[in-house]
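Here's the letter readout for the chains.
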Amino acid sequence: MSKEIVRLEDVRLSFGKIEVLKGISLSVQEGQSVTLIGPSGSGKSTLLRCINRLAVISSGEVFFDGQQVTAATNINQLRTKIGMVFQHFNLFPHMTVLGNVIEAPVQVLKLTPAQAKQEAMLLLQRVGLADKADAFPAQLSGGQKQRVAIARCLAMKPRVLLLDEITSALDPELVGEVLAVIRELARQGMTMILVTHEMQFAKEVSDKVIFMDGGKIVEQGTPDQMFVNPKNERLRRFLRAVIEQVAD
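Note on numbering: residues in each chain are counted from 1, in written sequence order. Restriction of local features to residues with pLDDT of at least 70 applies here, the model being predicted, together with a cutoff of 80 or more for giving and counting side-chain atom pairs; totals for whole chains, interfaces and linings are based on all residues. The side-chain numbers reported here are obtained from all heavy atoms of the structure, hydrogens and water having been left aside.

Between any two strands, at least two bridges found by DSSP are needed for them to pair. Helix numbers and strand numbers start at the N terminus; a helix is a DSSP run of H or I with at least 4 residues, a strand a run of E with at least 2. With respect to topology, four strands assemble into an open sheet ordered E2-E1-E4-E5, the strand pairing being antiparallel. Pairing within the sheet leaves two strands with one partner each, and these edge strands are strand E2 (18-29) and strand E5 (67-68). With five bridges connecting them, strand E1 (residues 4-15) and strand E4 (residues 59-64) associate as antiparallel partners. Note that in E4 the partner of leucine 8 across the bridge is valine 62. Any two residues having at least one pair of non-hydrogen atoms within 4.5 Å are treated as being in contact. Every axis corresponds to a line fitted to the C-alpha atoms, with the helix fit spanning only the stretch in contact, and the corresponding angles, defined between N-to-C directions, vary from 0 to 180 degrees. Taken strand by strand, helix H1 (residues 44-51) contacts E1, E2 and E4, and its axis lies near 60° from that of E2.

For Phe, Tyr and Trp, where Trp contributes only its six-membered ring, two rings pair if their centres lie within 6.5 Å, and the inter-plane angle classes them as stacked under 30 degrees, edge-to-face over 60, or tilted in between. All told, the structure shown has one aromatic pair when counted by the stated rule. When the NZ atom of lysine or the CZ atom of arginine is within 6 Å of a ring's centre and also within 35 degrees of its normal, the charge is said to sit over that ring. Against the face of phenylalanine 63 rests arginine 7, its NZ or CZ located 4.5 Å from the ring centre. Geometry around phenylalanine 92 places arginine 152 over its ring, the cationic atom sitting 5.7 Å from the centre.

The salt bridge criterion pairs a side-chain nitrogen of Lys or Arg with a carboxyl oxygen of Asp or Glu, the two atoms within 4 Å. All told, the structure shown has 14 salt bridges when counted by the stated rule. Put simply, aspartate 65 and arginine 159 hold a salt bridge, and the shortest N to O gap is 2.9 Å. Of this pair, aspartate 65 sits in the loop between E4 and E5 while arginine 159 sits in the loop between helix H5 (142-154) and strand E7 (160-164), and the two are 94 residues apart along the sequence. For each residue, the accessible area found with a 1.4 Å probe, counting protein chains only, is set against the maximum for its type, and the residue is called buried under 20%, exposed over 50%, and partly exposed in between. For arginine 159, a relative accessible area of 27% gives the class partly exposed. Measuring nitrogen to oxygen at the nearest pair gives 2.5 Å for the salt bridge that ties lysine 157 to glutamate 119. Of this pair, lysine 157 sits in the loop between H5 and E7 while glutamate 119 sits in helix H4 (residues 113-126), and the two are 38 residues apart along the sequence. The class for lysine 157 is partly exposed, based on a relative accessible area of 49%. Each of the salt bridges in this network shares a partner with another, and the network as a whole consists of Lys3, Glu30, Asp65 and Arg159.

Criterion for a disulfide: a pair of cysteine sulfur atoms within 2.5 Å. For the coordinates displayed, the defined rule picks out zero disulfides. Considering cysteine sulfurs only, cysteine 153 is the nearest to cysteine 50, which forms no disulfide, with 18 Å between them. Among the residues examined, cysteine 50 registers a relative accessible area of 2% and is labelled buried. Overall, cysteine 153 belongs to the buried group, its relative accessible area being 8%.

Moving on, we come to helix H6 (residues 172-187). Turn by turn, an α-helix covers 3.6 residues, leaving residues three or four places apart pointing in a common direction. When the terminal C-alpha atoms of H6 are compared, their 23 Å separation across 16 residues agrees well with the 22 Å that a helix rising 1.5 Å per residue should span. Looking at H6, one finds that the buried residues are Leu174, Val175, Val178, Leu179, Val181, Ile182, Leu185 and Ala186. Projected down its long axis, H6 carries its buried residues within an arc of 150°, all on one side. Opposite the buried face of H6, by more than 90 degrees, sit the exposed residues Glu173 and Arg187. Every helix has an expected span of 1.5 Å times one less than the residues it contains. The arc refers to the directions leading from the helix axis to the C-beta atoms.

Each strand in a sheet pairs with another by means of backbone hydrogen bonds, the pair being arranged parallel or else antiparallel. One open sheet holds the six strands; their spatial order is E6-E7-E8-E3-E9-E10, and the pairing between them is mixed. Two strands bound the open sheet, and with one partner strand each, they are strand E6 (82-85) and strand E10 (216-221). Strand-to-strand, the axes of this sheet are offset by a mean angle of 20°, without reference to chain direction. With five bridges joining them, E7 and strand E8 (residues 191-195) adopt parallel strand pairing. Residue leucine 163 lies in a different strand from E8, and its bridge partner there is leucine 194. Relative to the sheet, H6 contacts strand E3 (33-37), E7 and E8, its axis offset from that of E8 by approximately 145°.

Below, the structure is given as structure tokens:
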């Protein structure tokens, strides 16, 4: 039986008087791909940020590998095991692609530059960018930048990858190359929690899909249960709207 790696128990989060998360409980097993879907403003990205404490919850508990994230005093050490890839790449513009990927392993994991470079080149090969090692971010397309951001994240050997709408800032024709990398990571058994608006991709890559609306989990299940036979009327309306949008 696979081991639980992330657990949220009745997580609530408010910004002032606005309650953004309203009692979220979920569990993620090691090796699972879990996708969060739902309309904008439903709390999906905020939920991701609670897992590595980039957002501080108002009440409830977050656990990572059995450790209480909410009370952790070694949060930076914990974050090295919880990789996060954002919409907007956040690469260091003054560093080459290789420099971006080896920076944290050398500074944080204390790898030698030679060891970090060797591992980084393997990762760049894995995301199809070994030939761009000496390029600077400004010389890359959006899709290439996002693949470098994924390689940089993987260089820290995280136990879990959090992926926050990583294709939403990309031109449509560049989306496929990034999703291909994520698809391969899922196939290799990387534990991932994704926020995405790409429904077909969510259907392909997920072990579990969670539909959020208004700061709550409305429905969750396998991709077939969620996309082929959704029980909840709100989820059915959401999927119809997304399909119509794609058709336009």
